[in-house]
Amino acid sequence: MGEKRRPQFYLYIPPNMPLSLPQLASSRQQNNMKTSLFFLYLLSLSYFNVVQVFGTGRSEGKENPFTAKASLIRYWNNHISNNLPKPPFLISKASPLNAIDLAKLTQLANHNSLSSHIESFCSLANLFCSFQEESSKLDAVGKGKGDANFAVYSSKNFKGYGSLSRGGIDSFKNYSDGLNTPNESFKKYSRGSSAHSEDFTSYAKDANVAIDNFTNYGSSATGGSGGFNNYQDRVNVPNLRFTSYDSDGNKHKLSFSTYSSETNSGSEAFINYGKKGKAVPAEFASYSSNANTIGSSFAGYGVLGNSANDSFKAYGDSGNNPRNNFKIYGLASKLGIDNFTSYRDAANVGVDSFQSYARDANSGKANFVNYGKTFNVGNSTFKEYGKGSTGSTTIGFKMYDLARSFLDYAKKGVTFAGYTNSSSKETSVNRWVEPGKFFRESVLKQGNVMVMPDIRDKMPRRSFLPRGILSKLPFSTSHLSELRNIFGASMEGMLENALTECERPASRGETKRCVGSVEDMIDFATSVLGLSVTVRTTENVKGSKQEIMIGEVKGINGGEVTKSVSCHQSLYPYLLYYCHSVPKVRGYEAEILDVTSKSKINHGVAICHLDTSAWSPTHGAFLALGSSPGQVEVCHWIFENDMTWTIVD
């Protein structure tokens, strides 16, 4: 047996990283200069790799201790007081940044310079970003008299498309259909054109997370038309934005046949729609019908228009919890006609706000033929309805429903007819709540068969940010302009939605925090539950959207009433979770079996909320279970990439 040799450590310092005098000076009190240099660089954000060489002479590369992942593991070991295995599903979400990239990006963050390196930042850190690429080839396309026909096209950015065109038509038949994350930008589309038409037959249908931005669409166009036959139908998370849509247009007809129908949990914004337009007819045949929790914002709709004709034939019909905000609609328009044939018919709850509708209008018409015939009452508010209107302006509601608030409206020329003080319950079914999304605790019994909802994560894949970078980024709606400068204007709607939810006041008994790093998540979970915690999620997505059989069921913490911290994903450039403490719950782990073969296909984690008294009466759980707050417990599965923290059994 030869003598066993001690392991030796070698420190490699690249030539472009010389020692500075301050670094040397800080090491003089050490007894051994080599040891001093080693620990000095070990504690700094340096650009080296440590190689351990054993007595055999063979070297093995060890993970660099300065990566974001290595830092997370050290943090876990120091802040969680148990030796349970670290959950691979959570560790895998750590930032992929290596030591060199982490140091560079941290330095950029310290100097507020990430925006100038946004593409590298997003790529290296595995973020979800929107880049407004410009192409000189696309800039020139569409100019002149020739027709342009795009049969199949996807994820392109057009700048100055169709500007100053004379006659002709541009046609997009299948634009970005079926993509996971389409990202399109049209800047200055058909600006100053004459007798020119644009036709989108199918635009970004069946997408997952869609970001679309039309800036200066049809500005100063004369004649012609713009048509969207199927715009963003069946999109999971739409983020749609029309900025300066048909401003200063003259008889340039705009038509949306089907706009974002059957979409889920997104936002749509029209800014300066038809401003100063002259005889511009704008038609929405079907707007956000059968959509789920969609937010629509019209800021500056038809302002200062002349002889405009705007028509919404079916706006938000059969929607679930829609949120519509009309800030300035038809301000000081002349001889205009605004017509809502069916507004929110058969919708479920929601919030509608008209801050200024047809104010100072002159000799126009504003009609709601069927306003808000919901079967579950929402909250609709009109501030300044027809206030200051002059001439022969007429404003009419032929049929409107319960809980409408008209704060300040014109005292003359307004007609209310067909008021009903109760909602129709004929269609009161759980069509907006996916089967199996919510269930009673009694369902979790071995041998029971139930429908499992679609628990698949449909968000774009992203990673957490290291704390050193995260702490340098603003995170509030008051700093939205700074965030827009970093991540791009096309991301503003997505940023605002997430920040607004994070800033929402906590409900009764709730403690909440939004976290963008695993370290922040650990801090929040341990502050609520103590240092000995563990985190769980459903093992995979098998069984989604089909009948399953419940196998062996085990109660977490012995099935006792306890508290937990649940974390749910939010759509944001980096991985962001909305975490909140949930008191009075019971947690369960259950084997999920194939109904036919009885073989195990999944290992599910479920949470049952025992106290629902503080929940909103409009919560989907009560719609699905036919109950109300405080009357029943509500259970649900932990979806893919969501998680729940509990005290260790």
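Here the structure is a predicted model, which is why all the values come from computation and not from measurement.

End to end, helix H11 (residues 518-529) covers 16 Å across 12 residues, agreeing with the expected 16 Å (1.5 Å per residue, within 8%). Of all 12 residues in H11, 10 are buried; the element is thus mostly enclosed. Every buried residue of H11 is listed here: Val-518, Glu-519, Asp-520, Met-521, Ile-522, Phe-524, Ala-525, Thr-526, Val-528 and Leu-529. Of the residues one or two after H11, Gly-530 is the one with positive phi, at around 95 degrees.

Geometrically, a pair of aromatic rings is defined through the distance of the ring centres and the angle of the planes. Following the criterion strictly, the structure yields six aromatic pairs and no others. The interplanar angle of 35 degrees and the centroid separation of 6.0 Å between the aromatic rings of Trp-76 and Trp-645 together place this pair among those described as tilted. Of this pair, Trp-76 sits in helix H3 (residues 68-79) while Trp-645 sits in strand S33 (residues 643-647), placing them 569 residues apart in sequence. Of the two residues, Trp-76 and Trp-645, neither departs from the other in class, the shared state being buried. Every member of this aromatic cluster is reached through a ring pair, and the members are Phe-475, Tyr-572 and Tyr-574.

Among the nonpolar cores identified, the biggest contains 36 residues, and Phe-121, Leu-127, Leu-465, Ile-469, Phe-487, Tyr-572 and Tyr-574 are the most heavily contacted of them. Secondary-structure elements contributing two or more residues to this core are helix H5 (99-110), helix H6 (118-125), strand S9 (209-217), helix H8 (467-470), helix H9 (480-487), helix H10 (492-503) and strand S30 (576-594). Three or more residues apiece are contributed to this core by two domains, here domain 1 (148-246 + 256-261) and domain 3 (441-647). Once you skip the residues sitting within four places of it in the chain, Phe-121 turns out to touch Leu-105, Leu-114, Leu-127, Leu-465, Ile-469 and Phe-487. Core analysis: the second largest hydrophobic core is formed by 35 residues, Ala-204, Phe-298, Tyr-343 and Phe-397 among them.

Next up on the list: the environment of Glu-441. Here Glu-441 is to be found in the loop between strand S24 (414-416) and strand S25 (449-452). Here Glu-441 falls in the buried class, since its relative accessible area comes to 14%. Sequence separation between Glu-441 and Cys-608 is 167 residues; the distance between their C-alpha atoms is 6.5 Å. Residues contacting Glu-441, with those up to four places away along its chain left out, are Arg-586, Tyr-588, Cys-608, Leu-610, Glu-633 and Cys-635.

Within the secondary structure layout, Asp-454 lies in the loop between S25 and H8. On the basis of relative accessibility, which here comes to 7%, the residue Asp-454 falls in the buried class. Among the polar contacts made by the side chain of Asp-454, one reaches the side chain of Arg-456 at a distance of 2.8 Å. Non-local contacts of Asp-454, meaning those with residues more than four positions away in its chain, are made with Glu-434, Ser-544, Lys-545 and Phe-639.

Let us look at unusual backbone geometry. The phi angle at Ala-195 is positive, at roughly 55 degrees, despite the residue not being glycine. Structurally, the position occupied by Ala-195 is in the loop between strand S7 (183-189) and strand S8 (197-203). Its relative accessible area of 46% is what places Ala-195 among the partly exposed residues. We note that Lys-598 has phi near 65 degrees; this positive angle belongs to a residue other than glycine. Within the secondary structure, Lys-598 is located in the loop between S30 and strand S31 (600-609). On the basis of relative accessible area, Lys-598 is assigned to the partly exposed category, the value being 45%.

On to the packing of H3 against H11, then. At a closest axis distance of 10 Å, the pairing of H3 and H11 adopts a crossing angle of 15 degrees. By the criterion of interaxial angle, the relationship of H3 to H11 is roughly parallel. The two elements H3 and H11 meet at a crossing, and its hand is right-handed. Of the residues in H11, those in contact with Ser-71, Leu-72, Tyr-75, Trp-76 and His-79 of H3 are Val-518, Glu-519, Ile-522, Asp-523 and Thr-526. Split by residue class, the contact of H3 with H11 holds five nonpolar, three polar and two charged.

For the structure on display, the rule yields four disulfides. Two residues, Cys-122 and Cys-129, share a disulfide whose sulfurs are 1.9 Å apart. Disulfide Cys-122-Cys-129: the torsion about the S-S bond is -80 degrees, which places it as left-handed. The pair formed by Cys-122 and Cys-129 is uniform in burial state, with each residue classed as buried. Note that Cys-608 is cross-linked by a disulfide to Cys-635, the S-S spacing being 2.1 Å. Because the torsion about its S-S bond is 110 degrees, the bridge between Cys-608 and Cys-635 counts as right-handed. Here Cys-635 lies in strand S32 (residues 634-637) and Cys-608 lies in strand S31, a separation of 27 residues in the sequence. Comparing Cys-608 with Cys-635, the two get one shared label, buried.

Because side chains alternate across strand S27 (residues 533-536), one face comprises the buried residues Val-533 and Val-535, and the other comprises Thr-534 and Arg-536, equally buried. Two strands pair when backbone bridges link them, and S27 and S33 are joined in this way by four bridges, in the antiparallel orientation. Bridge pairing in S33 links Val-533 to Ile-647.

Conventions adopted
- Residues numbered from 1 in each chain as written.
- Predicted model: local features only at pLDDT ≥ 70, side-chain atom pairs only at ≥ 80, totals over all residues.
- Heavy atoms only, no water.
- Helix = DSSP H or I, 4+ residues; strand = E, 2+ residues; numbered from the N terminus.
- Expected span 1.5 Å × (residues − 1).
- Buried < 20%, exposed > 50% of the residue type's maximum accessible area, 1.4 Å probe, protein only.
- Phe/Tyr/Trp six-rings, centres within 6.5 Å; stacked < 30°, edge-to-face > 60°.
- Core = buried A, V, L, I, M, F, W, Y, C linked by side-chain atoms within 4.5 Å.
- Domains from an automatic or database assignment.
- Contact = heavy atoms within 4.5 Å.
- Polar contact = N/O pair within 3.5 Å; in protein donor to acceptor, adjacent residues only side chain to side chain.
- Axes fitted to C-alpha atoms, helices over the stretch in contact; angles between N-to-C directions.
- Parallel < 35°, antiparallel > 145°, perpendicular 65-115°, else oblique.
- Left-handed = near helix turned anticlockwise from the far one by under 90°.
- Nonpolar A, V, L, I, M, F, W, Y, C, P; charged D, E, K, R; others polar.
- Disulfide = S-S within 2.5 Å.
- Pairing = 2+ DSSP bridges.

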